[in-house]
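What the coordinates show
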Protein chains: 2
Amino acid sequence: MPKKLTYFNINGLGEPIRYILHYTKQEFEDNRIELGNWPDLKLKEKLPFGQLPVYEEDGRVLCQSLAIAKYVARGTDLIPSDPWKYAQVESAVYSVLDYWKNVTPVVQEKDQAKQKELVEKLHTETIEYYFSRFNNLLKENGGYFSGKLSWGEFILLGIIEAGNLFLGTNVEKKYPAIDALVKEIRSLPGVKEYIVARGPYDFEEIKARMNKQ
Amino acid sequence: MPKKLTYFNINGLGEPIRYILHYTKQEFEDNRIELGNWPDLKLKEKLPFGQLPVYEEDGRVLCQSLAIAKYVARGTDLIPSDPWKYAQVESAVYSVLDYWKNVTPVVQEKDQAKQKELVEKLHTETIEYYFSRFNNLLKENGGYFSGKLSWGEFILLGIIEAGNLFLGTNVEKKYPAIDALVKEIRSLPGVKEYIVARGPYDFEEIKARMNKQ
């Protein structure tokens with residue numbers, strides 16, 4: 001059953017899928033597209049909705065990062081069996097994505113002065129609003145979204161890391177329960193070795209490569 | 001087990017949950033907030049992330065429309081048992097929400113001339129891009145996202161109806177597989193009677209009420 005994940009050579013929405021695949025010891029082809037080569041129109045038109053990540057298994061194609069993350073986590077402890085807990089994890093993940101929806105327009109802002117202003121607002125308003133709530137959620141549920149580690153916390157980590165890469169900071173440091181969770185997932189068997197092997201992502205290098213386009 | 005769904009007195013992200021609850025014959029309190037009374041700060045600060053819909057059951061609270069829709073559909077035929085089909089439905093739903101992310105800024109645009117221009121672009125670009133793909137997906141999968149009716153098609157209907165209310169049109173008419181699906185869900189036992197009982201939503205009336213604020 002050959003598995004292949006195609007995503008950019010960066011963290012973001014595809015990275016938690018890589019983490020889950022490594023943690024659950026699944027072999028897969030880690031196909032990476034350089035951001036400087038995007039949009040690759042030939043690849044883009046073959047994608048169901050023109051977007052990455054895309055996951056392939058036995059010739060079948062699945063798009064959308066959350067659907068892929070949950071699919072590759074199926075049959076493992078990362079999927080809560082209790083329906084209410086399952087829903088709690090989903091609910092938390094959608095709120096994580098709501099947070100991310102506030103960040104992406106700031107990343108994409110071309111006017112540097114305007115971007116600086118928006119980054120300031122992200123720190124003082126958006127991050128504090130969402131992260132204080134994520135922190136409370138974790139504290140109230142034994143350090144996780146719903147009592148134990150699930151696919152959902154991997155998504156939170158992926159979004160935090162993507163934000164940190166852009167903001168040049170570690171937003172989780174002010175939030176003890178989130179900070180502990182981030183450290184825990186990064187130390188998981190499989191994940192830990194993968195992070196060492198891939199090395200850090202370099203945002204300046206990525207930006208420089210994109211600007212060459 | 002008293003169930004309560006709180007959402008605006010309009011369609012949108014909360015309406016497919018109402019449809020699923022009626023179709024699966026679950027009794028619930030249909031608590032409706034008039035848009036003209038929003039933001040209701042007293043209610044808003046009690047919500048986990050300040051947003052509606054919110055679902056309550058036995059004193060427990062769940063937010064995020066997709067998490068709620070899937071939770072109330074649990075244990076019914078609306079949840080595919082095959083993991084790949086389950087993932088296909090999720091994937092389609094996330095693409096439906098991606099479409100919606102393109103519509104909401106247009107709804108919120110205050111400048112009337114700019115809004116008119118954006119609506120034009122929605123019709124010529126966004127709607128055609130997504131709806132031709134949704135239509136193909138349905139055609140290739142027996143009229144549904146994955147072989148048979150699931151919670152996912154209810155989400156598609158909810159988003160279509162919310163868009164139609166704003167655009168004053170029926171975008172599905174140009175897409176035969178989507179049009180057939182819309183008609184089918186609206187005729188389902190439980191859904192059909194609910195639609196008759198609630199009557200149509202009136203966007204002009206809603207706007208007028210909001211402008212009074």
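Where an unreviewed UniProt entry is consulted, chain A appears under the name glutathione transferase, with the organism given as Helicoverpa armigera armigera. As its UniProt record puts it under Sequence similarities (unreviewed entry), chain A is described as follows: "Belongs to the GST superfamily. Sigma family." The record held by UniProt for chain A lists under Catalytic activity (unreviewed entry) the comment "RX + glutathione = an S-substituted glutathione + a halide anion + H(+)".

What follows is about the overall build of chain A. Scanning chain A for helices and strands turns up 9 helices and 4 strands. Its helices and strands taken in sequence order, chain A reads β-α-β-α-β-β-α-α-α-α-α-α-α from the N to the C terminus. A compact globule built from 213 residues would reach a C-alpha radius of gyration of about 17 Å, and chain A, at 17 Å, matches this within 12%. Split into buried and exposed, the 213 residues of chain A put 52% on the buried side. A fraction of 68% describes how many contacts in chain A between residues 6 or more apart in sequence connect residues 24 or more apart. Accessible surface for chain A amounts to roughly 10400 Å². Of this, 51% is attributable to carbon and sulfur atoms. Here chain A contributes 29 positively and 30 negatively charged side chains, and the mean placements of these two sets differ by 0 Å.

Time to look at the environment of K110 of chain B. Residue and element names in this part refer to chain B. Its location among the elements puts K110 in the loop between α4 (83–108) and α5 (112–140). According to the relative accessible area criterion, K110 is exposed, its value standing at 77%. Taking C-alpha positions, K110 is 26 Å from S65, a pair spaced 45 residues apart along the chain.

So, on to the relation of the copies chain A and chain B. Rotating chain A by 180° and translating it 0.0 Å along the rotation axis places it on chain B, where the RMSD comes to 0.0 Å. Considering both components of the superposition, the chain copies are consistent with a two-fold axis. When C-alpha positions in chain A are compared against the rotation axis, the closest is assigned to K101 of chain A, at 4.8 Å.

Quick look at unusual backbone geometry now. Most peptide bonds are trans, and most residues other than glycine sit at a negative phi. Residue and element names in this part refer to chain A. Omega for the peptide link from W38 to P39 comes to 0°, which places this bond in the cis form. Here P39 shows up in the loop between β2 (29–33) and α2 (41–44). Cis geometry marks the peptide bond from L52 to P53, where omega comes out at 5°. If you trace the backbone, P53 turns up in the loop between α2 and β3 (54–57). For D58, which is not a glycine, the phi torsion comes out positive at approximately 50°.

As a further point, take the packing of helix α4 (residues 83–108) of chain A against helix α6 (residues 151–167) of chain A. Residue and element names in this part refer to chain A. Taken N-terminus to C-terminus, the directions of α4 and α6 make an angle of 15°; their axes are 9 Å apart at the nearest point. Overall, the two elements α4 and α6 adopt an arrangement that is roughly parallel. You can see that α4 and α6 cross each other, and the crossing is left-handed. On the side of α4, the interface is formed by V89, E90, V93, V96, L97, Y99, W100, V106 and V107, while α6 contributes W151, G152, I155, L156, I159, A162, G163 and F166.

All names here are of chain A. Partitioning chain A into structural domains gives domain 1 (3–76 + 190–212) and domain 2 (83–186). Just the C-alpha atoms count here: the centres of domain 1 and domain 2 sit 20 Å apart. Facing 19 residues of domain 1, the contacting portion of domain 2 comprises 18 residues. In total, domain 1 and domain 2 occlude about 1600 Å² of area from one another, counting both sides; carbon and sulfur atoms represent 77% of this. When residues of domain 1 are sorted by the area they lose upon contact with domain 2, L66, K70 and F203 head the list and together hold 35% of the total. Linking domain 1 with domain 2 are 1 salt bridge. When the shortest N-O distance is used, the salt bridge between K70 and E90 registers 2.3 Å. Linking domain 1 with domain 2 are 4 residue pairs in polar contact (both at pLDDT 80 or more), by the criterion used here. Mapped onto the side of domain 1 that touches domain 2, the elements with two or more residues apiece are α1 (15–23), α3 (65–73) and α8 (191–198).

Moving on, we get to the pairing of β2 of chain A. Residues and elements named next belong to chain A. Where strand β1 (residues 3–8) meets β2, 5 bridges bridge the pair, whose relative direction is parallel. Bridging from a neighbouring strand, L5 pairs with D30 of β2. In terms of handedness, the path from β1 via α1 over to β2 forms a crossover that is right-handed.

All names here are of chain A. Taken as a whole and judged by the stated rule, the model has 22 salt bridges over all chains. A salt bridge links D179 to K183; the shortest N-O distance between them is 3.0 Å. In this pair, D179 and K183 both sit in helix α7 (residues 176–186), 4 residues apart, roughly one turn of the helix. Taking the relative accessible area as the measure of exposure, K183 reaches 48% and is therefore partly exposed.

A few words now on the UniProt feature "domain: GST N-terminal" (unreviewed entry) in chain A. Within this structure's numbering, the places UniProt gives as "domain: GST N-terminal" (unreviewed entry) are residues 1–80 of chain A. The span residues 1–80 of chain A is 28% helix and 24% strand, and its two end C-alpha atoms sit 25 Å from each other.

A few words now on the layout of surface pockets. Approximately 400 Å³ is the volume found for the second largest pocket. Around the second largest pocket, the lining comprises 17 residues; the ones closest to its centre are P48 and V61 of chain A together with Q88, L137 and E140 of chain B. Elements that contribute at least two residues to the lining of the second largest pocket include exactly β4 (60–63) of chain A together with α4 and α5 of chain B. Residue classes in the lining of the second largest pocket are distributed as 9 nonpolar, 5 polar and 3 charged.

Quick notes on the rules
- Residues numbered from 1 in each chain as written.
- Chains lettered and ligands numbered in written order.
- Predicted model: local features only at pLDDT ≥ 70, side-chain atom pairs only at ≥ 80, totals over all residues.
- Heavy atoms only, no water.
- UniProt positions renumbered as here; feature names shortened; annotations may be inferred.
- Helix = DSSP H or I, 4+ residues; strand = E, 2+ residues; numbered from the N terminus.
- Rg over C-alpha atoms; globule rule 2.2 N^0.38 Å.
- Buried < 20%, exposed > 50% of the residue type's maximum accessible area, 1.4 Å probe, protein only.
- Contact = heavy atoms within 4.5 Å.
- Areas by Shrake-Rupley, 256 points an atom, 1.4 Å probe, with all protein chains shown as cover.
- Lys, Arg positive; Asp, Glu negative; His and termini not counted.
- Charge placed at Lys NZ, Arg CZ, Asp CG, Glu CD.
- Least-squares fit on C-alpha atoms with pLDDT ≥ 70 in both.
- Axes fitted to C-alpha atoms, helices over the stretch in contact; angles between N-to-C directions.
- Parallel < 35°, antiparallel > 145°, perpendicular 65-115°, else oblique.
- Left-handed = near helix turned anticlockwise from the far one by under 90°.
- Domains from an automatic or database assignment.
- Buried area = accessible area lost by both parts, 1.4 Å probe.
- Salt bridge = Lys/Arg side-chain N within 4 Å of Asp/Glu carboxyl O.
- Polar contact = N/O pair within 3.5 Å; in protein donor to acceptor, adjacent residues only side chain to side chain.
- Pairing = 2+ DSSP bridges.
- Right-handed = clockwise from strand over helix to strand, strands pointing away.
- 1 Å grid on protein atoms, 1.4 Å probe; cavity = no way out; pocket = protein on both sides within 12 Å on 5 of 7 lines; lining within 4 Å.
- Points joined across faces, edges and corners; volume = space filled by probe spheres on them.
- Nonpolar A, V, L, I, M, F, W, Y, C, P; charged D, E, K, R; others polar.

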